[in-house]
Amino acid sequence: MSAASCRLTEDQFLCSICLDVFTDPVSTPCGHNFCKTCITQHWDVKVPYKCPNCNDVFNTRPELRVNTFISEVAAQFRQSAQQKASSSSSEQQVSKPGEVPCDVCTGTKLKALKSCLVCLVSYCETHLEPHLTMSGLKRHQLIDPVENLEGRMCEKHDKLLELFCKTDQMCICVLCTYSDNKTHDVVPLKEYKGKKAELGKTEAETQEMIQKRRLKIQEIKRSVELSNQNADREIAEGVQVFTALMESVERSQAELVHTIKEKLRKTEKQAEGFIKELEQEISELEKRSSEVEQLSRSEDSLHLLQSFTSLNAAPPTKDWTEVSVCPPSYEGTVVRAVNQLEETLRKQMKKLLAEVELKRVQQHEVDVTLDPDTAHPELLLSDDGKQVYDGDVKKNLPDTPERFDSCPCVLAKQSFSSGRFYYEVQVKGKTEWDLGVARESINRKGKIKASPRNGYWTICLRNEKEYRAFAHPSVCLSLKSQPEKVGVFVDYEEGLVSFYDVDAAALIYSFTGCSFTERLHPYFSPSLNYGGKNSAPLIISPVNHTE
């Protein structure tokens with residue numbers, strides 16, 4: 001035999017359990033060698049006692065003794081392997097968090113390149129080499145490194161889970177097909193691609209659910225944000241209203257106190273006048289009394305007669321019997337003050353609530369422009385579509401179904417079929433006008449009778465001072481002042497159309513209980529020019545959101 005063929009290799013001194021160079025090598029009765037710790041731990045778990053290499057079974061646990069020759073040679077190879085591993089470990093990657101570490105490495109764990117489904121161990125590049133070179137280990141099944149290799153073994157038969165039972169929807173081993181899953185529909189794991197497609201579908205559905213929930217979170221957060229804004233606005237408006245009311249109460253209280261004190265002051269002043277006058281009379285009488293007393297003591301008859309004449313002058317003769325100071329009457333003062341306060345508060349509350357209501361509807365402002373395709377031929381529209389007036393001259397325009405041909409009216413380009421909207425129109429300087437909203441399907445030809453029945457919800461001004469709501473029947477409106485700017489608010493779902501005097505922050509009129517089934521257009525009629533008397537335009541104005 002040649003020297004080359006007799007040369008010992010490291011592969012001959014590797015334990016088939018730990019795949020490392022022998023540590024305290026021992027031999028089994030069947031002649032195979034293992035690390036003493038490896039075979040001992042293997043037999044502590046596996047019963048009966050069986051050789052891992054040839055599967056020979058021993059009735060009793062063999063007595064194991066360390067083979068000193070193999071131990072010495074293995075020590076040399078181990079030292080060489082450690083030096084080799086030390087030099088190569090610097091080139092290999094150290095296992096990072098989330099990566100599968102090598103199960104064989106001691107100390108610093110290197111990154112595993114493969115996992116063995118037979119050995120249930122993961123190996124780095126160095127410790128994987130026996131599986132790539134040794135004929136017995138080449139038959140082992142290697143896969144990309146994974147954790148929890150024990151979970152890939154059948155708990156009942158200690159065999160690799162390499163089949164999928166469609167009936168029970170679970171992974172099984174080969175031996176399971178001969179027992180519990182004998183009649184079931186079973187396929188190899190690598191051939192069962194249906195689950196992958198199903199996982200892809202599940203992943204897509206999951207991502208869609210995640211996206212929907214993220215959108216729902218944004219929606220909820222937006223709702224909370226809007227709720228906070230609404231709450232802040234309501235609090236500010238409430239504080240404004242109650243502050244104004246408290247100021248009115250404080251003013252009324254101050255006026256009541258002032259009235260009572262003024263009555264008291266007048267009574268005190270009268271009493272002071274009486275007292276001063278009485279004190280003056282007392283002073284004069286005391287002086288007279290003193291003179292009389294001195295004269296009565298005199299023995300000189302001449303002096304007595306001469307002085308008596310001067311004393312005979314009339315003393316104060318005012319009769320104080322009927323003079324008195326009556327306490328002022330406060331009866332009814334508080335009641336009158338409270339009644340007056342109540343009336344003041346009622347008016348002020350009405351005004352303040354109207355202001356709050358106007359501010360609230362102004363939040364629903366929309367941009368409205370006039371539609372020239374609907375305008376009567378006599379109407380003149382500004383280039384920006386915000387102003388309209390009657391020009392007294394009928395233009396030659398196509399008589400389309402959309403155009404008003406008899407009444408001087410025009411609709412807005414915008415229309416609404418839900419929600420709330422609000423816009424303002426300046427009517428200053430006009431003697432006649434019509435404003436409101438109209439159904440999209442209204443009749444635009446010939447004479448028009450505006451009413452909710454015909455699809456119009458409008459108010460108007462006639463003869464400079466006569467205001468009317470075109471309800472059924474029409475309603476005369478009594479306004480305290482002539483509006484210069486009118487606000488129009490619509491709540492489609494609520495069936496509400498309201499008109500406001502913007503400057504006075506007062507409600508002019510409301511159509512309630514309306515049933516809207518079509519799109520609604522803002523409606524405008526500047527009315528006829530009347531030789532220049534009504535030449536001022538209707539102007540769609542931007543909303544001034546006062547704080």
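Everything quoted here is computed from the prediction, not taken from an experiment.

1. Quick word on the environment of Glu155
Right, on to step 1. Structurally, Glu155 can be placed in the loop between β7 (142–143) and β8 (163–165).
Right, on to step 2. Along the primary structure Glu155 and Asn230 are separated by 75 residues, whereas in three dimensions their C-alpha atoms are 62 Å apart.

2. A closer look at the confidence of the model for the chain
Right, on to step 1. Looking at the chain, the pLDDT average stands at 85 and 91% of residues meet or exceed 70.
Right, on to step 2. Segment residues 1–6 is flagged for pLDDT under 50; beyond a separation of four residues in sequence, or across chains, it makes 1 contact in the model.

3. Quick look at the sheet that holds strand β6 (residues 121–123)
Right, on to step 1. Spatial strand order, β6-β5-β7: 3 strands in an open sheet with antiparallel pairing. The outermost strands of the open sheet, each flanked by one partner alone, are β6 and β7.
Right, on to step 2. The pairing of strand β5 (residues 114–116) with β6 spans 3 bridges and is antiparallel. Residue Ser115 lies in a different strand from β6, and its bridge partner there is Ser122.
Right, on to step 3. Contacts from helix α4 (residues 125–133) reach β5, β6 and β7, with the element oriented near 110 degrees to β6.

4. Examining unusual backbone geometry
Right, on to step 1. The amide bond that connects His472 to the next residue, Pro473, takes the cis arrangement and shows omega of 0 degrees.
Right, on to step 2. Looking at the secondary structure, you find Pro473 in the loop between β17 (466–469) and β18 (475–477).
Right, on to step 3. Even without being glycine, Glu464 reaches a positive phi, approximately 70 degrees.
Right, on to step 4. Its place among the elements puts Glu464 in the loop between β16 (456–462) and β17.
Right, on to step 5. The phi torsion at Ser527 lies on the positive side, around 65 degrees, for a residue other than glycine.
Right, on to step 6. Summarising the element assignment, Ser527 is placed in the loop between β22 (520–525) and β23 (538–541).
Right, on to step 7. According to the relative accessible area criterion, Ser527 is buried, its value standing at 8%.

5. Brief notes about α4
Right, on to step 1. Residues His127, Leu128, Pro130 and His131 constitute the buried set of α4. End-on view of α4: buried residues confined to an arc of 140 degrees, all on one side of the axis.
Right, on to step 2. Residues of α4 that are buried make contact with β5, β6, α5 (135–138) and β7.

What counts as what
Residues numbered from 1 in each chain as written. Predicted model: local features only at pLDDT ≥ 70, side-chain atom pairs only at ≥ 80, totals over all residues. Heavy atoms only, no water. Helix = DSSP H or I, 4+ residues; strand = E, 2+ residues; numbered from the N terminus. pLDDT = per-residue confidence, 0-100. Contact = heavy atoms within 4.5 Å. Pairing = 2+ DSSP bridges. Axes fitted to C-alpha atoms, helices over the stretch in contact; angles between N-to-C directions. Buried < 20%, exposed > 50% of the residue type's maximum accessible area, 1.4 Å probe, protein only. Arc of directions from axis to C-beta.

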